[in-house]
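Letter by letter, the chains look like this.
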Amino acid sequence: MRDDSARWHPPGSSAFDAPGVSVREVSLARQTMVSGTMVLSTYSLAIGWPDVALGEAYALCMRRDRVLLVNAGARRDGFDPDTSEAVSDMTDGFAVLALSGPRALECLQAGAALDPAQPSRSAFRRVFGTDVLLYRHGDESTFRIHVPRADLAAFAAALHAAAKD
Amino acid sequence: MSGTRLASGGVIDRSQPLTFRFDGRSYTGFAGDTLASALMASGVRVLGRSFKYHRPRGLWGAWSDDANAIMNVSLGASELPNCPASMTYLEDGMTARAVNAWPSAGFDVKGGLDALHRWLGAGFYYKTFMWPDWHLFEPSIRKMAGLGHVSVNVSEDDVAAHQHAFCDVLVVGGGAAGLAAARAAAELGHDVCLVDDQRVPGGGVYQMQQVEGQAPADWIAEERASLEAAGARVLSETTAFGVYDHGLIGLAQSRGFGAAPRLIRMRAGRVILAAGALDRPLTFPGNDRPGVMALNTGAELLARYGTLVGQTLAIVSARGCDVQPFEAAGARVSRFDPKEGQIAARQGRHVTGLVQGTRFEPFDAVFVSGGWTPLVHLWRHAGGKLQWCDQRQAFLPDGQLTQMRAVGAANGTFDLPAALDEARAAGRGDAGARPATAYHVDPSWPAPRSKGRQWIDFQHDVTLKDVEVAARENYVSVEHLKRYTTLGMASDQGKTSNMAGLAAMAAIQGRPIPEVGTTTFRPPFVPVPLELYRGHHREQLWHPLKRLPLEPVHRDLGAALGEYGGWLRPGWYGAGTPAERVADEVRTARQGAGLFDGSPLGKIEVMGPGAEAFLNFVYYNTMRTLAPGRLRYGFMLTEAGIVFDDGVLARLGQDHFIVSCSSSHVDAVRTHLEAWRQDGNDPDSIFVHDATQAWATVTVTGPEAPAILRAAGVDAGDLAHMNLHETEWQDTPMRIARVSFSGDASFELSIRASRAAALWSALRNAGATPIGIEAMSIMRAEKGFIIIGKDTDGQTMPHDLGFTFPRTKKTAAFIGDRSLHTDVARAPGRKQLVGLAHGGDAPLPTGAHVVTDGASEGYVTSSYFSPTLDRPIALALVANGASRIGEAVTVWHLGTQYAATITMPCAFDPEGGRIHA
């Protein structure tokens, strides 16, 4: 039995400013994970890498049978036989960060091999060792990252460290 | 060797003098100098000592091919060990000290070891220190081993930066071929990155009189300006140190002395290797003496650093040499042809002359070359093969690699015009064979059984005689030769020593050199600090833990947080001794109601028309009969029938299940489910969503739990044990599972993570007392409930835990089924879960063995003092334990024996009345 409370900093705000990069926390009304064999047909505009999502409601492609709907209407968790889709409310499952600034991509590249010239249908990426959803939002120099909530503290710390290099 | 700094020439800045100290004495150099070049210019002859015999060592190489001048260097608060002086750029105020020498490289008290060389040959300590015990000698030998000393002033702020990068064409080497290739590629519009490990690119170009009609500096400047104008990146002081899987190139970029370098993980469409070539040594008596150096070193010191290392120079070269620059600088130069007979250095502490037959001449310095050795390290890292070239007497890149192409001297193209043509063709992406060359080298390899001490490896004091000893003792493979003699180890990594070593072995055995082969080329090409790989992977980011949504609440309550299964969780709450606090929490939960943060518990949703059959297949237990609204405990097994996870399966609807697996096992279980979903099942009818982090789970456990829930406004109805109820709490969806890990009435309340704090507060206000995971661990052990991985091991099958029914009765297929009927599964003496009782006041040590006649029959898996029972309790895996209930056994731990009795695992409320209360 060991008390390691002091060894781990209490998680605080993930927002920070560093030269050439600014990070902010984003609050989304709803995030809904939807799986089904036809979801990429249903949500054909689902965002991958390095797509730019516009507006506040959109779909992110997670894999060939899965999307994450951002700010979509409420749906009941479970399997929907009408659409043959499995639905889970993940609003509290992912924390969302927004990165902007001329060094935003460089900071992310400290933690992953991210090449805008190499597109991917999926927005799923492993950055700083954490599985996240990464895409651009609004313009080509602003990124949004959906981070599993429990991994947010470590992800934000790694991002902050990279931004200071 | 006097060392003369010329009034002009080189790429140093004479307007910026820099002072520094070496081995306690002050010297002056200029900006652009390396430590080595500044010392050479100052007339310092001995820059280091060899590893074994502590023989004086001078400079052999002017850059990465020198393993003699290794120094501890400090500047300000930074001190770094084992810096190659030839690659360390001089800065004002630097202090350097030669490693492996005391008090100085010039006078080393251990220099007398050399007199014992007859008894210290290769393998001497393997043979000498066998009796009576190697470990008697090991500490002092270990103390003598190693080179520089790590500073006690650890700089925690010295953190390497990491970066991933991309380019179409990566050109390695900024010499003539590299610059030409990069320019050609860039002018075709490719995204080009050129890396060069020196501060000023140009490679050996500065040694030349003219390049394509221009002065070397002008040609370099024009090439660089052109390629940069075409959009290419030039990374100077950046070393490509290794090629890794999938074409990843490791680049180490200097950020100045004392600053941790930047690691760039470069992925390139193609790589043009223009790393150049090194002079290899000639093997002759006294070839290790200070003043004997690579011909290229003498030329480079003159061309880059404006330093003439001696007024009288001997050149012994198998590859020819332009002596004009040396003569123009004022030196008297004599040539020696190695083909005309054995040469020997006349030596004191440093070379004083050269003898060949009856010819003797005194010299300040001797420049030698056995021919060029192409730098093919990265080619070999990338999987390229080598071919032996008799004409060049060197290994050259053979065949083709998809991603990499070697050009210039790295490809054996030593003629400048041909190298430029080859490089430009490579830059354009044109195919092309290695151009023909007039370059020719007569073999000048070590001659076995010749007289005198002749050095193969300068750093480790491996001589020709050592290679002969190794051959006599049948260490004839080059890999064995390397390990037996230490040839090519440490910072040299064979750059200067391998060719001579394998040629010596070839000559001793009468085999051709290519038949002997080379040792394996492994990254890094040059030494890099370990910090390069670490970067920010340190402290909290070394092994980051998952964090609870309620962590701020726990901290406010004075929780002692620790790692439990990859999560930072409360072990206990409040001040006082941990044991007392935990005991209080157990008693509180048993008598009233404990409030436990169970958020890490798995909440993996399995949905779809195929979910029922799938889960029935995944679980050992029959799950297809589970009704909606019900819970069932079960095991998941590996294909080998080993218990992989345990937990509760909840059925919310016909096509909707929740796998509540072990807290520390969620990622593994999710992967397990995904793997089996896609293998042998219909993935289009089964969907797996890991919603663990979307939901927080708060457990209320204890006899007062139902009342607490009512007081907090939680509508659990009359929920019976192992039932599930979906409801809302304060307009937020809530799932209430009545399931117990404590043995008391327990309710797991799952709610959106963002609402967890409000729920926790309401339950506390209703009278529940926070308890940590230590208390919960004791309560579950009192009940004999297991923790997978603690109370099970890599051999535990479900019937070892008392769960036998599905093994014999379940008719549907399930993972691990077949393995439960193997001889191993049926073997007598399998370790089975039991409890242990003993009369002492202190718990048995966890891990202690149950022994019979000195042999282990099992071990204690969990052991605590039970506050509920006021006595120690323990769980154990013991051979045939289930049939030995009541048997007295001996428990042994680190020499202490304990008397114990085997019991049933459950020590508290075996009838289970409390769980349904």
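Located above this text is the structure these notes cover.
What you are looking at is a predicted structure, and each value in this text was computed from that prediction instead of being measured.

Each value, and the rule that gives it
- Residues numbered from 1 in each chain as written.
- Chains lettered and ligands numbered in written order.
- Predicted model: local features only at pLDDT ≥ 70, side-chain atom pairs only at ≥ 80, totals over all residues.
- Helix = DSSP H or I, 4+ residues; strand = E, 2+ residues; numbered from the N terminus.
- Buried ≥ 20, exposed ≤ 12 C-beta atoms within 10 Å, placed from the backbone.
- Contact = placed C-beta atoms within 7 Å.
- Rg over C-alpha atoms; globule rule 2.2 N^0.38 Å.
- Pairing = 2+ DSSP bridges.
- Axes fitted to C-alpha atoms, helices over the stretch in contact; angles between N-to-C directions.
- Expected span 1.5 Å × (residues − 1).
- Arc of directions from axis to C-beta.
- Core = buried A, V, L, I, M, F, W, Y, C linked by C-beta atoms within 7 Å.
- Nonpolar A, V, L, I, M, F, W, Y, C, P; charged D, E, K, R; others polar.
- Parallel < 35°, antiparallel > 145°, perpendicular 65-115°, else oblique.
- Left-handed = near helix turned anticlockwise from the far one by under 90°.

A. Representation of the overall build of chain B within the structure. Counting its secondary structure elements, chain B contains 23 helices and 49 strands. Viewed in the frame of its principal axes, chain B has a C-alpha envelope of about 105 × 70 × 55 Å. Counting every position in chain B, which comprises 917 residues, the buried fraction comes to 52%. Residue pairs in contact within chain B that sit at least 24 positions apart in sequence constitute 66% of those at least 6 positions apart.

B. Local environment of the overall build of chain A. Helices and strands together make up the secondary structure of chain A, namely three helices and 12 strands. Computed over the C-alpha atoms, the radius of gyration of chain A is 17 Å, within 12% of the 15 Å expected from 2.2 N^0.38 for a compact globule of 165 residues. Overall size of chain A, expressed as C-alpha extent along the three principal axes, is 50 × 45 × 25 Å. Within chain A, the fraction of its 165 residues that count as buried is 47%.

C. Layout of the sheet that holds strand β32 (residues 567-573) of chain B. Residues and elements named next belong to chain B. Pairing within the open sheet is mixed, and its three strands lie in the order β30-β32-β31. Both outer strands of the open sheet, β30 (546-547) and β31 (559-564), are each paired with one neighbouring strand and no more. Of the strands in this sheet, β31 and β32 are in contact with helix α16 (residues 578-591), which crosses β32 at around 85°. Along the sheet, helix α21 (residues 773-782) contacts β31 and β32; its crossing angle with β32, the most-contacted strand, is approximately 80°.

D. A look at helix α5 (residues 216-229) of chain B. Residues and elements named next belong to chain B. Between its terminal C-alpha atoms α5 stretches 20 Å, which fits the 20 Å expected from 14 residues at 1.5 Å a residue. Inspection of α5 places Trp219, Ile220, Glu223, Arg224 and Leu227 among the buried residues, and these make up the whole buried set. In a view along the axis of α5, the buried residues occupy a sector of 125°, so they form one face of it. When the buried face of α5 is taken as reference, the exposed residues oriented beyond 90 degrees from it are Asp218, Ala225 and Ala229. The inward-facing, buried residues of α5 abut α4 (176-186), β10 (192-195) and β11 (233-235). Once α5 finishes, Gly231 follows within two positions and takes phi at roughly 100°, a positive value.

E. Local environment of the pairing of strand β41 (residues 732-738) of chain B. All names here are of chain B. For strand β40 (residues 723-729) and β41, the ladder comprises seven bridges, and the chain directions are antiparallel. What sits directly across from Leu724, in β41, is Ala737. Joining the antiparallel neighbours β40 and β41 is a turn of two residues, in which Gln730 adopts a positive phi near 50°. With four bridges connecting them, β41 and strand β42 (residues 746-752) associate as antiparallel partners. Paired with Met734 across the strands is Ile751, a residue of β42.

F. Spotlight on the nonpolar core. In this structure, A:Leu60, A:Val67, B:Val606, B:Leu649, B:Val700 and B:Ala876 are the most contacted members of the largest nonpolar core, which totals 161 residues. With 10 residues, the top contributor of residues to this core is helix α3 (residues 152-164) of chain A. Ignoring any residue separated from it by four or fewer positions in sequence, one finds B:Val606 in contact with B:Ala611, B:Phe614, B:Leu615, B:Phe657, B:Val659, B:Leu673, B:Ile686 and B:Val688. Ranked by size, the runner-up nonpolar core spans 153 residues in total, among them B:Cys83, B:Val292, B:Phe395 and B:Ala426.

G. Just the pairing of strand β3 (residues 25-31) of chain B, in detail. Residues and elements named next belong to chain B. Across seven bridges, the pairing between strand β2 (residues 13-22) and β3 is antiparallel. The residue of β3 that forms the bridge with Thr19 is Thr28. The loop that links β2 with its antiparallel partner β3 comprises two residues; one of these, Asp23, has a positive phi angle of about 50°.

H. Local environment of the sheet that holds strand β23 (residues 365-369) of chain B. Residues and elements named next belong to chain B. Spatially, four strands are ordered β16-β23-β18-β19 in an open sheet, and the strand pairing comes out parallel. Unpaired on one side and paired on the other, β16 (292-294) and β19 (332-336) mark the two borders of the sheet. Taking each pair of neighbouring strands and ignoring which way they run, the sheet shows an average axis angle of 25°. The pairing of β16 with β23 spans three bridges and is classified as parallel. Among the inter-strand pairings, Ala294 is bridged to a residue of β23, identified as Val368. Sitting on the sheet, helix α6 (residues 295-305) touches β16, β18 (312-317) and β23, and the angle it makes with β23 is about 120°.

I. A look at the interface of chain B and chain A. With 43 residues of chain B at the contact, the number on the chain A side is 37 residues. Its residues placed into classes, the side of chain B that touches chain A shows 18 nonpolar, 13 polar and 12 charged.

J. Layout of the packing of α16(B) against α21(B). Residues and elements named next belong to chain B. α21 packs onto α16 with a crossing angle of 60° between their chain directions and a minimal axis gap of 8 Å. In terms of orientation, α16 and α21 fall into the oblique class. Judged by the twist between their axes, the crossing of α16 over α21 is right-handed. Counted together, Val582, Glu585, Val586 and Ala589 of α16 and Glu774, Ala775, Ile778 and Met779 of α21 form the full contact between these two elements. Looking at side-chain class alone, the contact of α16 with α21 contains six nonpolar, no polar and two charged residues.

K. Quick peek at unusual backbone geometry. Residue and element names in this part refer to chain B. Note the cis peptide between Trp102 and Pro103, where omega equals 5°. Examined against the element boundaries, Pro103 turns out to sit in the loop between β8 (94-98) and α2 (124-128). In this chain, Trp131 is followed by Pro132 through a cis amide linkage whose omega measures 0°. Within the secondary structure, Pro132 is located in the loop between α2 and α3 (134-144). Non-glycine residue Asn82 carries a positive phi angle of around 55°. In this structure, Asn82 sits in strand β7 (residues 78-84). C-beta crowding within 10 Å serves as the criterion here: with 19 such atoms nearby, Asn82 is assigned to the partly exposed category.

L. Representation of the packing of α4(B) against α5(B) in the model. All names here are of chain B. Where α4 meets α5, the axes come as close as 9 Å, and the angle between the chain directions of the two elements is 30°. The orientation of α4 with respect to α5, classified from their angle, is roughly parallel. Every pair of crossing elements has a handedness; the one defined by α4 and α5 is left-handed. Contact with α4, carried on its side by Leu179, Ala180, Ala182, Arg183 and Ala186, involves Ile220, Glu223, Arg224, Ser226 and Leu227 of α5 and no other residues of that element. Considering only residue class, the contact of α4 with α5 consists of six nonpolar, one polar and three charged.

M. Layout of α6(B). Residue and element names in this part refer to chain B. A large share of α6 lies buried, amounting to 11 of its 11 residues. Of the positions making up α6, those classed as buried are Leu295, Asn296, Thr297, Gly298, Ala299, Glu300, Leu301, Leu302, Ala303, Arg304 and Tyr305. Two residues or fewer past α6, Gly306 is found with a positive phi of approximately 60°.

Note that all results are geometric; they support no functional claim without further evidence.
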